[in-house]
Structure formats: structure tokens, C-alpha cells
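Architecture and fold: a report
Read off the chains here:
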Amino acid sequence: MQNRREFIKTSAAIAAAASIGVQFPSKLMASTDTNWHKSVCRYCGVGCGVMIGESGGKITAIKGDNQNTINNGHLCVKAFYLPKAVHSKTRLLHPMIRKNGKLVETDWEEALDLVAKKFNEIRKAHGGDALAFYGSGQAETEETYMANKLFKGCIGTNNLEGNPRLCMASAVGGYLSSIGADEPVGTYEDFEKTDLFMLVGSNTAEAHPILFERIMRRKNSNPSTKIVIIDPRKTPTDQIADLHLFPKPGYDLALFNAIAYVLVNEGFIDESFIKAHTFIKDNEGQAHDLTSYKEFLNDYTPEKAAAISGVPAADIVKAAKIFGNSKTAMTLWTMGLNQRKRGVWANNLVINLHLITGKIGVPGSDAFSLTGQPNACGGVREGGGLCHILPGHRLVANEAHRKQVAEVWGVPAGNIQPKPGKHTIAMFQGLNDGDIKGIYIMCTNPAHSLPNAAKYWKGLKEQFVVVAESFLPTMTTEYADVVLPAAFWTEKEGVYGCTERRSQYMPGVIEPSGEAKWDAFILRDLAKKMGFEKEFAKYETAEIIWDEYRGLTKGKDMDLMGATYNRLKKVRGLIWPVPTEEHPGTYKRFTDGDPIYDALPAEKKKNRRMYFYGPKAKDGKATIWMRPHADPGEPTDAEYPIALTTGRILEHWHTLTMTGTAPQLNRAAPKAYVEINPVDANKMGIKNKDQVKMETRRGSLNIEARVIDRPAPGTVFVPFHWKETPINVLCSDIFDPGSKEPEYKVAAARITKI
Amino acid sequence: MQNKVENISRHKFIVNFVQLFRDELGKSVNEEYKSYLLPPGSAAQEEYIQKCNKCYECISACPHEALRVAHEMNETIDSYPIILPSITACNMCSDFPCINVCEPEALISSQSDQPLGKIEIVENNCYAYNDHYCTSCVTNCPIGDSAIYLDSNNKPHINIENCNGCGVCINTCPAEQPAIKIIN
Ligand code: SF4
Ligand code: SF4
Ligand code: SF4
Ligand code: SF4
């Protein structure tokens, strides 16, 4: 119900929209009986604020929330079509069980009874570690929290993972080892204050479009702002580039060291910052001084790095000088750094550049990782949704941490295992090998998205698979024994935490479609049926779950005590640490204005401007790492001479379960293609739109060629969205030994014209 | 002539075929989308319809099914081959199969560098002009930046000099109402 004032306001807004000629039917049709609700975009890690238009129990329109400082009312084209996903014909409306090879409709009772019975049987016969959970950076924090308690706290297995392992684990490892704490020091606010954006392995224009707009606006209003791109592929992001370095995929570690070499030798470093704020360590963790760091860098002269990376030495020097000469600098990176066999090292080497120049902890300077999914940071990195961590930046290996969490969960401390469980690739290998006999998959589509995907279909076929999903079919539901209909965005409330440490509340504004239920409640009800009645009795509302989790963040570096539902419902998110309900949130961590830093005793802050107090830091210091260059896991060779790299495009999201419901988006980007540089295409006699066969050691597929000057010669690019052309089947599942994140970004391939 | 007879029957067949799906087509081709492009190698519309004998050989020859018979567009162009880029754009094949099969020389190679139509952005309907980040047209234009480009506020503009009027941008544009139109 609207009151008169709101009525006039909406009518005026519609009249205004009409007068400037906005003819988006959904906007116009969203007439006066539309109720607008403040929420967050369902898609990417930018975390744009949206206003959801709801009318008669249906979502009728989406518009940008102009009070949200992330996006100031702007959205990207994906978000515009979200209402179509909510009410799509592909929504899963009823629980289903596989009978005689076919999924047939059933009721909740039978479905959950079956899952509980099967899981209990497996647990009894083979132990808790024969069960596993695989979740998502798109699940709400509350949902991941419920899964964590059920699996780690009650079933007693740490086999709990989520798809952020596939995208952000290297950034987590990089941050933890370099600055002692996960997630960036600053926020998006730095975008409007910086003199240089260095974009590394990030097609910001397509993967984080609204942030790209902010970068552009910064450059427009301040034309001296420089943009340097390091990426093997030219992308739409290049429209604003001042300089673009094209390393061969997987050969950029030497390049980062060479930039450091130039910074060190041209006098761009901040020796007093280094002295007061950092350790310098080699790969074995041995401490070194600046002199031996300089010696180490002598192996990475621009000329040497040029020979390894393929980037001209002059360009390396140029990039380094731009970085050195800029008063402030932001490095932004995404999957190009993370999805790598040495992703953690790559992250370390990039963060090094900021540590040696002191370009961190001041307005406009930061080493800022862009997250892909809307709640990878909030639910999984902070919420403890991986096999080695617990809620609130805690570790399963830490006895005190286990105790704290067990106490809040009301389970015996011994329930939580001290040993990390199986990481994602090991988990799906475990299904293949039969070590894991039952898995619960929530809000993600691993049969499509895993690297070397076809290899892991075996285990999904053979073991007991439960999939909680909002859409049917997906490649993963093909293997499901039980499919549970999950309420979708706008049908449930909860919290998403985006790239910049900001937690935002999303309301439930319509009833779930069909018999769909909220994931957190599905897990709760399953837990009860498995015998954990007592442990899960109290979770009657989302707020109860959030409050319990919030309590676990008290006094941690990611303190969310001040972020109550009450408050979150009013504000446009809060940026932690936010220790009390009066606290406004924190723009910069580890320095003045950060409540945790401010509370430190004066002697700790003596002679320094930052104190890295994070869980992995010692003496408040960050670490400059002497990481050697390393080649990718699967270098090209005579047999497979082309480097295959994969990624996202603007119009689509992941495995198309959502964006695939909008015909307009399908028309804009209807099918997969391989981008081939004209030089390579000429050599191979391939013309635009020819069908070609792509092969790697893991498989082959036919795909349309798009001859275009985007990937550098020797490299090809394929977007991963379409199940008809699942490029991930061809991707390498070699993973980083540190972060366990697979190397989607480099595989050796060959192409032939059909 | 054997050939002629076959042409007539093909002509009839295609006309009937179009009649048959008239309703369907009518529905799918939104009023506003009713702007069309002329086939590659054609002169201005007036000359084109004088020369074209409606053999529809070009339609059969097009490997991308970009050419179709105009209907309910306007009296002048109806029943002549055209391109409806909202359905299928022209691939600008380097060997122009459509031109090669055109006997009456309504389509000729020497004119293949002429744009198929004049393209214009409809700012009222375009996302980029209305608070949404969208770049599908620019990303997908086969000519690249020189034909359609983004200004420093991410709004697309067309450079008529370089645009060949292939209609790919129209085909990919995800806007709900046509955000790129053809000025005939
Ligand atoms: S940039 Fe990301 S969060 Fe913002 S509207 Fe687009 S998909 Fe949604
Ligand atoms: S150039 Fe090719 S795609 Fe275009 S009309 Fe001719 S044959 Fe069809
Ligand atoms: S702008 Fe590009 S895609 Fe659009 S008609 Fe012109 S050449 Fe074709
Ligand atoms: S694709 Fe359409 S809506 Fe998007 S920017 Fe281009 S003209 Fe505008």
C-alpha cells in the first residue's frame, strides 16, 4: 500500500521519465500500484543497489538505486532483465526425485526424508567425511552459515566448499600472505581519488561494468588519470587505456618483478614505509633486507622479463615509470591473476608494488581485488564457506577458533575437525574415486563450471547427488538424485557482502514461486530430519541466523556487530569493521579512522601510519615477497601451439540459468565463439564465422570463429557461458598448490578449420 | 527457358511461403522494427526496384539467411528482397554470393562498398543514454570502433563514414524498444 505522498512521488517520477522519453516498457508499466523496495543486484561482485518494483505479487521492474553510492542509480544491462529470471518458465517449482532414471515431482516430506536417510546411512557406514557440501558465492551469508553449521558442526566433516574456490581463493591467499588479512584495505571511494588505474587480468568493462563507469568518470573529470592494462587480450576496457602490456598467458610473474626492478632502481620506492611496515621474505619464508631484495630483482631486468613474457622491455619500463610517477595508484585485478597455477604468487607480486612504494593505506592508493560474485566476500570468505575456514575469518586448524564457533553453534568442540576438508577439485575427485558418497550442491552448477568438467561427471553420475536450485534444468541437475526448489532473489531476505567489504540487506518482497523454499530453511529442515533437531530448533527467521553470525564477528578484523538487520534495512550497506550500531563503517583499514587501529596502544603506532593487525600478520607488518617467476601449468608446445583463455562477457552471467531467460540478452549474445587474432586466422586459413574444431588434451568441441583483433597472436579466447559449447570441458584442472584454485586462464590448445 | 520456369516457380513458392507465415512474421516483427536494409551491391532504392526482377536468387544464395522478401513494409519495397537486421543481419561475405547470382544486375560488385542503409541511434530507447551500462552494439560491430564507438560517457555514436550498414548492431542490441534505427 502506498500513501498519498508516495503516490504523487511515483507519478511524478513516471511523468518525468516519460518527459525525458524513457520508453522502457517495464518502467512505464510499473505504474502507481508498484511498490519499490531497496535491494542489491543479484549478479556481480560490484554490489550495485537496485530498487525492485513489485506489483500484484510479481516483480515488474528493476531500476538503479540512486541513493546507493556504489552505482548512483546506474545498472548494467543484465540487471535490467532480472524480473524475467524471477518469473521464468525455467523456475523449478517442486521437489523432484529421480525414479527409474527420470526426475519426477514429489513433495517436500518425501524428498527431505530421502536425503536425510541417505546422508545418515552414508555417515554411519563410511563416516562424516564421505559426505560433502558444495556452495556458492551467490548464496546469502545466512544460507552458507546454515550449511557450515550442519556439515562442519553437526555431521563433523570439513568437506564444505564453494565456487569462490574457483575464482577468489588466490586473492584470499595473496592478501593473507601479503597484508595478513583478507580483502582490500580501501574501498571504491579510492576510485575517485586515484591518479592511476592499473588493470591486471581484468576486463572491467564487461565483468564489473559499473566500476568501469566510475573509472571512466574519474578519467573524464581528471584527464591526467592514467590507465595501464596488463592482459593478453585487448578487451572493451581498452577504450580508455593509455598503455596496454600483452604478456603471454601465464608468463606475467617475471613482468611484475621487472616493474618492481624499475621502481627500485629508479628511486621510486618509499624506504621509510618499507622499513616501518614490512618484512621482506623469500619463497621459503626466510627474512631478507632491502639489499638482498634488490639482488633478487636483478634476475628480472626489463630485458629478461621481456624474453619471458613477450612484453617489450620499453613498455615494462614505461608502465613502471607511470606507476612510480603517479602520486596515488590503484591496481585492480580479477581472474587473470587468480585463476592460475601460481595465482597466490601473482597476487603477492602485484601487492608488492604497492608495499615498496608505500601506495597503500592512503586515499587513492590500494591493491584492490575485484570479486566476481555478489557474496563471495560476504558469505564465503567472511562466512567461512570453504574447507579450511570457519565464520568470522577463523581457521579450522586453530583450536581456540573451533571452540568459539562450537560454543555458539551449541555443539561439542570435538565435532569440528581440526584438519581442513577436501578443497573443490579434491572433492569432485573424491566423488570420482568413491571416497565421497553423497554431496549437497547449493546455488551453483559445477557440472558446467568445473575445469576439465567432463572428468568430474563420472562421480556426479555414480554418487548420491542433491541439488538445491532455483532453475531447471542445469547441467548439474542432469546428475541429481534429488532436486530441491530454492527460493530466488526477491523471494527471500538476507545479506550480500560485495567487493569493498560492504554488507547490504536484501528484502524478500514476493512469495517464493511454486513450492520453493529458502535455502537456509531447506538446510535447517534437513538437519532436523537428520537428527539435529535441538541444534537447529532456534532458526525461525533470517534475522536470528544473521544475529548469531554477527555475534561471531565481534572483535574480529571483520567486525559486523553494528550491522543489525534493523540498521541494514535503512542504510545502503555498511563497510566493516563496524563494531557498534553508532559506528559509520570504515573507509580505510589499518590506519587512522579504522576503529581497530584507533584503539591500538600508542607505542604500536609509533613511527608508522599503518598497523596490519590482521589474523596472519606479525608485528603489524605486511610482507614483500621474493616470488620467482613460474611458467603456467600447461605451456603451449608443437602439438598444442595456442594458448586458450576463457572468461565472461557483459550480457551474460555464468551458466546462463538467469540471463538465459531474457530473449533480448540471448539475442545480443546468442552462442559461444572463439576469438582468434586475424594474424593467426590468416595462417590457419580461418575466416570470420567459420566453424572450427578446438582441441586440448582433455577434449574437443566445434565452435564458431570470430576473427578479431582482441587476443594477442598466439592466444584465443572463449566465453564460458553456454552449455551447448562448454569450453570448461577443455580447460585445465591444474591448480595452485597454495590456493587450490584451478588455472582456467591458460591451457594449450590447437584449432583446425572444419 | 528452363531456367525462367524454375525462377517463376521459386518466386511463387517463396511468395506463398511468406504468406503462410505472414501472421507469425507480423507478430515477431514489431512495428518499430520495420526498418530494413537493401541487399549488398544495390543502388538507391528507386534504381534497385527497377532492376530487380524478383527472381529471389539472392535469397536462395545467401548462406546466412539474411535476405528475405519484404512484406507489409511499404508499397514500394514490398515483395523485393531486403534485410531485416532485427531478425538477421548481413554478414558482408567477402565473396558476396548474393551479388554473384543476381542476373539482372540489380546487385553489382562495384556497389558492394556502399552502405546497406543509414544507421542511427535512438537515444530515447538506448540503455546507455538511460542510466544503464550497455555496449553490445559496439562490442559486436564487425568493423569495430571506427563505425560505432563509445564516447567518454559510454554512449554509442555512429560514424556514418565507416559504417557499412550491415545491421549487426541492430541485431545484437538488447534494448526492449529498438534503440538503433535505419533511415530509409
Ligand atoms: S555491475 Fe554487477 S552489480 Fe551492477 S548492475 Fe551490473 S551485474 Fe549488477
Ligand atoms: S553479403 Fe552474404 S550475408 Fe549479406 S546478403 Fe549477401 S550473401 Fe547474405
Ligand atoms: S555500426 Fe557496425 S554493426 Fe552497425 S551497421 Fe554499421 S558496420 Fe554494421
Ligand atoms: S546495444 Fe542498443 S541499448 Fe545497448 S548501447 Fe547499443 S544501441 Fe544502446
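Since this is a predicted model, take the numbers as computed values, not measurements. (Residues numbered from 1 in each chain as written. Chains lettered and ligands numbered in written order. Predicted model: local features only at pLDDT ≥ 70, side-chain atom pairs only at ≥ 80, totals over all residues. Heavy atoms only, no water.)

Some words on the interface of chain A and chain B
Inclusion rule: Throughout, a residue-residue contact means that at least one pair of heavy atoms, one from each residue, lies within 4.5 Å. As used here, buried area is the combined drop in accessible area, with a 1.4 Å probe, of two parts when they are placed together. A side-chain nitrogen of Lys or Arg and a carboxyl oxygen of Asp or Glu constitute a salt bridge if their distance falls within 4 Å. Within 3.5 Å is the distance limit for a polar contact, defined as a pair of N or O atoms, with the added protein rule that one can donate a hydrogen and the other accept it, and that residues adjacent in sequence qualify only through two side-chain atoms. A helix here means a DSSP run of H or I that spans at least four residues, while a strand means a run of E at least two residues long, and both kinds are numbered starting from the N terminus. Here the term charged refers only to Asp, Glu, Lys and Arg, the term nonpolar to Ala, Val, Leu, Ile, Met, Phe, Trp, Tyr, Cys and Pro, and the term polar to all other amino acids, Gly among them. Whether two strands pair comes down to DSSP finding at least two bridges between them.
With 34 residues of chain A at the contact, the number on the chain B side is 30 residues. Overall, the association of chain A and chain B removes approximately 2,700 Å² of surface from exposure, summing both partners, and the carbon and sulfur fraction of that is 45%. Our count for the contact surface shared by chain A and chain B stands at one salt bridge. A salt bridge links K84(A) to E176(B); the nearest nitrogen and oxygen atoms lie 4.0 Å apart. Connecting chain A to chain B are 15 residue pairs in polar contact (both at pLDDT 80 or more). Residue assignment for the side of chain A that touches chain B shows that the elements contributing at least two residues are α2 (25-29), β4 (75-76), α3 (77-80), α9 (204-207), α10 (209-221) and α29 (663-668) of chain A. Top element by residues in the side of chain A that touches chain B is α10(A). It accounts for six residues. Grouping the amino acids of the side of chain A that touches chain B by side-chain chemistry returns 18 nonpolar, eight polar and eight charged. With two bridges joining them, β4(A) and strand β4 (residues 132-133) of chain B adopt parallel strand pairing. Across the sheet, residue L75(A) finds its bridge partner in β4(B), namely H132(B).

With respect to the site of ligand 2
Rules: What makes a residue near a molecule or strand is one non-hydrogen atom of that residue sitting within 4 Å of it.
All residues adjacent to ligand 2 are P40(B), C62(B), P63(B), H64(B), L67(B), C90(B), N91(B), M92(B), C93(B), F96(B), P97(B) and C98(B). Counted by class, the shell around ligand 2 contains ten nonpolar, two polar and no charged residues.

Digging into the side chain of S503(A)
All names here are of chain A. Formally: Think of it in three bands: residues with accessible area under 20% of the maximum for their type are buried, residues over 50% are exposed, and the middle band is partly exposed, with areas taken using a 1.4 Å probe on protein chains only.
Mapped onto the fold, S503 is located in strand β22 (residues 502-506). We classify S503 as buried; its relative accessible area is 2%. Here S503 is in contact with V495, Y496, G497, L560, L568, G573, L574 and W576, once residues within four sequence places are set aside.

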